Amino acid sequence: MSDHYVKVKVQLEQMKTLGEDEGKQGVDAEEHLQEPSPPASGSPDPSSINTSGGDASSPSITSKLRGKGRTKQGKDDKNCSGKHISDLPSHGSVVSAPSGRNQNRLEHEQTLHVRGTGKVLQGKSESNGNCVTVHASKNVQETRREDGLKLSQRKRRPVTVDTSKAKTSLEALKISIKYLKWKEFPLGRRAACDIYWHGVSFHDNENIVSGQVNKFPGMIDMLRKINLSRAMRTTQELFPEEYDFYPRSWILPEEYQQFSTQIRMVKENDATVNPTFIVKPDGGSQGDGIYLIRDPSDLKLMAGSQAKQGVVQEYIHKPLLIDKLKFDIRLYVLIKSMEPLEIYIAKEGLTRFCTEPYQEPSQKNLSHVFMHLTNYSLNVHSGNFIHSDSQNTGSKRTLSSVLYRLAAKGVDIKRVWSDIIALVIKTVIAVVPELKVYYQAEIPPGKPGPTCFQILGFDILLMKNLKPILLEVNSNPSMRIEHEKEVSPGVFEYVPSPVDEDVKVGVIRDTLRLMDPGLKKASVSQSKAGGFEHKEEISVEGEKQEKSLEEGVLPSLCLKQVYPKYSKQFNCLRLVERIASLFIRFLGVKGNMRLGPTAFRTFFRTCKLSNSNFTMASVDILYIDITRRWSGTISDSREAGMGLQAFVEAFFFLAGRRFKSLVLREQVVSLLELCEAQLESQPGGEDRRSVSCSRALPRAVKTQTLGQANPQLSSPAPQRRAASQDYRLHQRLKPRMLRANVEN
Ligand code: ADP
């Protein structure tokens, strides 16, 4: 190892220690960093982290490639979450137990540090069915603890998992279940299972009344490109600086005129500016239907009912390059619970590389799909795709290998990681309000139903200046652990992919460990016994769970809690969630997702919002005006009414009228406080607070999450960036229909 690499390694370890200390949450296993591997023979020069590239030709972007298919808001924002998060993942080699095929293939050395004992377990982990045995000298305490653990494992009935609908995650799931010695039901089970693993949506199995499902209702719909863009825009309006990681987007076809007018104005103001945009169909995935344009007139819009729904988005033209190639990051994120919000991030992820050297967009190269799109599913069909068994070469690599490479170049990867964590938390905060509406519609309070968790796939691009940009969030990230390989011309076969297996099996296995119903019961009964009535304690409970999991014989968790761990920095961003909680409260009929005119009036009356300036007649006009524009061509009367996004718009409008002198965010906080105070003072006000994603949750927890304004937000802040409320009210265009239960 060269001196330089030794230095980098030491630096990384120091940063890691710092990060962990600051979070006061150590990881038991010492995850020692890999030595940076010398450039693989034939692989490009590692020093070429820049934005230049050569020219190359490629098929047209439309060709069928696969056989199958602001202005400143002031200091408040900074106080809120601008703080740098010091929580570098233990990148380098994540000590994960060898899984499945690898496990059978490999015998490898492991070094484990046992928390508190200072003891190093060193030895070989070997394949033993699906169980890994670590041979090591143990002290008496450890032996007792392990014996105790084995005993308690023996006493407990194994956790049952229904895998009948797991689809492409099945293989990774099977490996994980075997590893944990849980019981799999591949054909489903008459009796209830503890966990239901669905490949697509919450509805893959109908009528589940207990246990846990690995999908939230409505997640697919919520994360479609249009809905995600809308949710991000709402939060961008409130917190422009906090949400500047999502590219500027316009909804198609509704906002086409706005888009073309704005671009024309930009070009007129400065003739040297020639921005590029990326057009994405709403329901698309794997790069399907995506193309780049430089002029609004190049948009392939179709008229009438054939109008293509989608988004057109600012194209990030200066991505960070490695080996002259554009790449993006696939990060796995677990939403363990929505109420209270618990988010985990996988310490290891994947990076997907383009297969043609990058050049900034020009009219000539706009259609070079292998240069501009990082989708694995596209690039795998390029002649240049490199399948590699190594984690740090080839067209798909581990995130840690890329970060390590960047660190070796002097990049502050601790900062990059902290920005990525912030991006993830903020994005989840943006989508949770609508998800809560879906949840209460699907499983209203009092109706028996499962609880939910979900693994999401975040696609993140690093800009040349290292700023992470959110491209999209996948509700069903591929958990396949094989990849397609062309075995003979035109014939593709699935072959094992060690990189995918290492990362994905770890994510599934540790998600299961965190969702272990035994742990949940223990924590609930503990909390009952201890009488917890405070949100912070949930965070401690979450950490306790993590720790207790890590104290066993299994490897340390590859999933790291980031929320509520960092809730202090991000809680004040949860304003829309408080609006959603008002909305849900007035929804009334169980299973409903839209507010009728009477319920809207009731909201006004109950919150005492009407006065001589805003009469009940104006309330009705407001309702009709907003609802008409948002619901557009609704043919199904069951869908009529005011959805959450329309309600949020009405709320912003009212807040603007009532608190004219403030900036939007403060207007909204003030109106929320007013409404919440009115509701609190109602007889039984507390009890009717009904956001219900955790039916077993103590009331005080809900109150804390939803009812309290952050004092930081009440302080004066600089001017608002947006146009007047009235202008915005009329600018926002009708949304795509929100549909419940259409995930399949
Ligand atoms: P899909 O769901 O079809 O994969 P994405 O939104 O992930 O759609 O976009 C596909 C690819 O296009 C991304 O992986 C990325 O390489 C590229 N891309 C998407 N949005 C942008 C953007 N705003 N700027 C630059 N590249 C982008």
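Since the structure is predicted, the reported quantities are computational estimates derived from the model, not experimental observations. (Residues numbered from 1 in each chain as written. Predicted model: local features only at pLDDT ≥ 70, side-chain atom pairs only at ≥ 80, totals over all residues. Heavy atoms only, no water.)

### Concerning the site of the ligand
- Taken together, 22 residues are adjacent to the ligand, and Lys280, Gly287, Thr374, Asn375 and Glu472 come closest.
- Contact distances for the ligand include 2.7 Å between an oxygen atom and a backbone N or O atom of Gly287.
- One nitrogen or oxygen atom from the side chain of Lys326 is found 2.9 Å from a nitrogen atom belonging to the ligand.
- Protein chains bury 99% of the 540 Å² of accessible surface belonging to the ligand in isolation.
- Every element with two or more residues in the shell around the ligand is listed here: strand E9 (277-281), strand E11 (310-314), strand E13 (325-338) and strand E19 (468-474).
- Among the residues forming the shell around the ligand, the class breakdown is 7 nonpolar, 8 polar and 7 charged. (Near = heavy atom within 4 Å. Polar contact = N/O pair within 3.5 Å; in protein donor to acceptor, adjacent residues only side chain to side chain. Areas by Shrake-Rupley, 256 points an atom, 1.4 Å probe, with all protein chains shown as cover. Helix = DSSP H or I, 4+ residues; strand = E, 2+ residues; numbered from the N terminus. Nonpolar A, V, L, I, M, F, W, Y, C, P; charged D, E, K, R; others polar.)

### Section: helix H18 (residues 597-606)
- Taken together, the buried positions of H18 are Ala599, Phe600, Phe603, Phe604 and Thr606.
- As for H18, its buried residues are in contact with helix H17 (575-587), helix H19 (616-631), helix H20 (644-658) and helix H21 (664-681).
- Directly after H18, the chain includes Lys608, whose backbone phi takes a positive value near 50°. (Buried < 20%, exposed > 50% of the residue type's maximum accessible area, 1.4 Å probe, protein only. Contact = heavy atoms within 4.5 Å.)

### Re the nonpolar core
- Grouped together as the largest cluster of nonpolar side chains are 113 residues, with contacts concentrated most on Leu331, Phe458, Phe600, Phe603, Phe647, Phe651 and Val668.
- No other element matches the 19 residues that helix H12 (residues 413-442) contributes to this core.
- The contacts of Val668, once residues within four sequence positions are left out, are Leu238, Leu575, Ile579, Phe651, Phe652 and Ala655.
- Counting residues in hydrophobic clusters, the runner-up holds 32 residues, among them Tyr179, Trp182, Tyr332 and Met479. (Core = buried A, V, L, I, M, F, W, Y, C linked by side-chain atoms within 4.5 Å.)

### Concerning the sheet that holds strand E6 (residues 195-198)
- Pairing in this open sheet of 5 strands is parallel, and the strands run E5-E4-E6-E7-E17 from one edge to the other. Of all strands in the sheet, those with a lone pairing partner are strand E5 (183-185) and strand E17 (451-452), marking the two edges.
- As paired elements, strand E7 (residues 212-213) and E17 share 2 bridges and run parallel to each other. In the strand pairing of E17, Val213 is matched with Cys452. (Pairing = 2+ DSSP bridges.)

### Notes on the sheet that holds strand E10 (residues 291-293)
- If you walk across this open sheet you meet the 4 strands as E8-E11-E9-E10, and the pairing is antiparallel. Here the strands that pair on one side only, and so sit at the sheet edges, are strand E8 (249-252) and E10. This sheet shows a mean twist of 25° between the axes of neighbouring strands, independent of strand direction.
- As defined by bridge partners, E9 adjoins E10 across 3 bridges and the pair is classed as antiparallel. By the bridge assignment for E10, Phe277 is matched with Ile293.
- Each of E8, E9 and E11 is contacted by helix H7 (residues 225-238), which is oriented at about 135° to E8, the strand it contacts most.
- Helix H8 (residues 256-269) contacts E8, E9, E10 and E11 of the sheet and is inclined by roughly 140° relative to E8. (Axes fitted to C-alpha atoms, helices over the stretch in contact; angles between N-to-C directions.)

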